[in-house]
Amino acid sequence: MEKIDKMWIAPLPTDSAYVKTFRLHYIQNGKEKSWDALKVHDSVSIVIFNTTRQKLVFVKQFRPLVYHSSVTSNGGDVANVDLEKFPIELGVTLEICAGTVDKDKSWREIAREEILEECGYDVPVDQLEEIFSYRCGVGTQGSKQTMYYCEVTDNQKKSPGGGVGDEIIDVVEYSVDEARAMVYQKGNINGPPSFLLGVLWFLMNKRSNK
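Residues numbered from 1 in each chain as written. Predicted model: local features only at pLDDT ≥ 70, side-chain atom pairs only at ≥ 80, totals over all residues. Heavy atoms only, no water.

Naming follows an unreviewed UniProt entry, where the chain appears as Uridine diphosphate glucose pyrophosphatase NUDT14 of Glossina palpalis gambiensis. Checking UniProt for the chain, the heading Catalytic activity (unreviewed entry) contains the comment "UDP-sugar + H2O = UMP + alpha-D-aldose 1-phosphate." Per UniProt, the comment on the chain under Subunit (unreviewed entry) is "Homodimer." (UniProt positions renumbered as here; feature names shortened; annotations may be inferred.)

A.B. asks: Could you give an account of the overall build of the chain, naming the residues involved and the relevant values?
C.D. replies: Helix and strand content of the chain: 4 helices and 9 strands. In the chain, the succession of α and β elements from N to C terminus is β-β-β-β-α-β-β-α-β-β-β-α-α. Along the first, second and third principal axes, the C-alpha atoms of the chain reach 55 × 50 × 35 Å. Considering the chain as a whole, with its 210 residues, one finds that 35% of them fall into the buried category. Pairs at least 24 residues apart make up 64% of the contacts formed inside the chain by residues separated by at least 6 positions. When the accessible surface of the chain is totalled, it reaches about 12600 Å², and 51% of it is carbon and sulfur. Of the charged side chains in the chain, 25 are positive and 30 negative; the average position of the first set lies 5 Å away from that of the second. (Helix = DSSP H or I, 4+ residues; strand = E, 2+ residues; numbered from the N terminus. Buried < 20%, exposed > 50% of the residue type's maximum accessible area, 1.4 Å probe, protein only. Contact = heavy atoms within 4.5 Å. Areas by Shrake-Rupley, 256 points an atom, 1.4 Å probe, with all protein chains shown as cover. Lys, Arg positive; Asp, Glu negative; His and termini not counted. Charge placed at Lys NZ, Arg CZ, Asp CG, Glu CD.)

A.B. asks: Now, about the environment of E95: what can you tell me, with residues and values included?
C.D. replies: If you trace the backbone, E95 turns up in strand β5 (residues 92-95). On a C-alpha basis, the gap between E95 and T72 in space is 23 Å, while along the polypeptide they are 23 residues apart. Those residues within four positions of E95 in sequence are excluded, and the remaining contacts are F58, V59, Q61, R63, P192 and F195. A polar contact of 2.5 Å, which involves the side chain of E95, links it to the side chain of T93. (Polar contact = N/O pair within 3.5 Å; in protein donor to acceptor, adjacent residues only side chain to side chain.)

A.B. asks: Residues and numbers for helix α1 (residues 64-72), please.
C.D. replies: All buried positions along α1 are accounted for by Y67, S70 and V71. End-on view of α1: buried residues confined to an arc of 95°, all on one side of the axis. Residues of α1 that are buried make contact with β4 (55-62). (Arc of directions from axis to C-beta.)

A.B. asks: Give a detailed account of the pattern of salt bridges, specifying residues and quantitative values.
C.D. replies: A full pass over the atoms with the stated rule returns 12 salt bridges. Here E130 ties to R108 by a salt bridge, and the two come within 3.8 Å at their closest N and O atoms. With E130 in strand β7 (residues 128-136) and R108 in helix α2 (residues 107-119), this residue pair connects regions lying 22 residues apart in the sequence. E130 gets classed as partly exposed once you look at its relative accessible area, which sits at 42%. Of the residues examined, R108 reaches a relative accessible area of 25% and is grouped as partly exposed. (Salt bridge = Lys/Arg side-chain N within 4 Å of Asp/Glu carboxyl O.)

A.B. asks: So what about the side chain of S70? Which residues, and what values?
C.D. replies: Positionally, S70 belongs in helix α1. Those residues in contact with S70 that sit more than four places away from it in its chain are F86 and L90.

A.B. asks: Before we move on, can you summarise the nonpolar core with the specific residues and values?
C.D. replies: Ranked by internal contacts, the top residues of the largest apolar core, which has 21 residues, are V47, L56, F58, Y149, F195, V199 and F202. Within the residue set of this core, elements represented by two or more residues are β3 (43-50), β4, β7, β8 (143-152), α3 (176-184) and α4 (193-205). At 5 residues, α4 tops the list of elements feeding residues into this core. Excluding residues within four positions of it along the chain, F58 makes contact with L94, E95, I96, D170, V171, V172, Y174, M182, F195 and V199. Grouped together as the second largest cluster of nonpolar side chains are 18 residues, I48, V123, L128 and V152 included. (Core = buried A, V, L, I, M, F, W, Y, C linked by side-chain atoms within 4.5 Å.)

A.B. asks: So, the pairing of strand β2 (residues 31-40): which residues are in play, and what are the values?
C.D. replies: Of the strand pairs in this sheet, strand β1 (residues 19-28) and β2 are connected by 10 bridges, and their pairing is antiparallel. Paired with I27 across the bridge in β2 is E32. The hairpin formed by β1 and β2 contains 2 residues between the paired strands, and N29 there has a positive phi angle of roughly 55°. (Pairing = 2+ DSSP bridges.)

A.B. asks: Break down the packing of α3 against α4 for me, citing the residues and quoting the values.
C.D. replies: To describe two helices that pack against each other, one gives the angle between their axes and the distance between the axes. Two elements in contact, α3 and α4, have axes whose closest approach is 10 Å; the angle formed by their N-to-C orientations is 125°. By the angle between their axes, α3 is oblique relative to α4. Relative to α4, the crossing made by α3 is left-handed. On α4, the residues that touch V176, A179, R180, M182, V183 and Y184 of α3 are F195, L196, V199, L200, F202 and L203. Classifying every residue of the contact of α3 with α4 gives 11 nonpolar, no polar and 1 charged. (Axes fitted to C-alpha atoms, helices over the stretch in contact; angles between N-to-C directions. Parallel < 35°, antiparallel > 145°, perpendicular 65-115°, else oblique. Left-handed = near helix turned anticlockwise from the far one by under 90°. Nonpolar A, V, L, I, M, F, W, Y, C, P; charged D, E, K, R; others polar.)

Following this line, the structure appears as structure tokens:
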């Protein structure tokens, strides 16, 4: 995961399967306005708890845009990056299992497939508990994400996980106390808001009296 040989920037192709750029025009209170935006897929995310070993199951992966932001916001150049000053670990994020809604299937079925592909657990669809839905990137994309909760056991582990195709994903586990200490501390967590939201929801709703 942590070996990146080269990085550079190029224009976004118009046939991207993941991101479409556009400028939205509208009139608000009689004044014409515009907003530059991204059209992206909606998504699902899943808080996974292994009841056999009492562990929360997370994923780690290299996110190039996180790395790009870390480098450029500190005066670096991604086209000629100093890997000693800007180690690749800056772009490795800690996340809950998640995936895009880009198939002709129910959102719950897509979430089930993501659990199997990323984390290796084969669970029935009715084992997923829907938590809530919310909006992501409200200033840039406004896409919808629905979060689920799923309890798994060691017997449901069918593969190491790690993603499909050219995905490179590490599956990691945290005890409840480790997760609690992480979100209650002051400092930096290299992960998306959905990770913090999912962990805090779990602590409030599944471990509030334990």
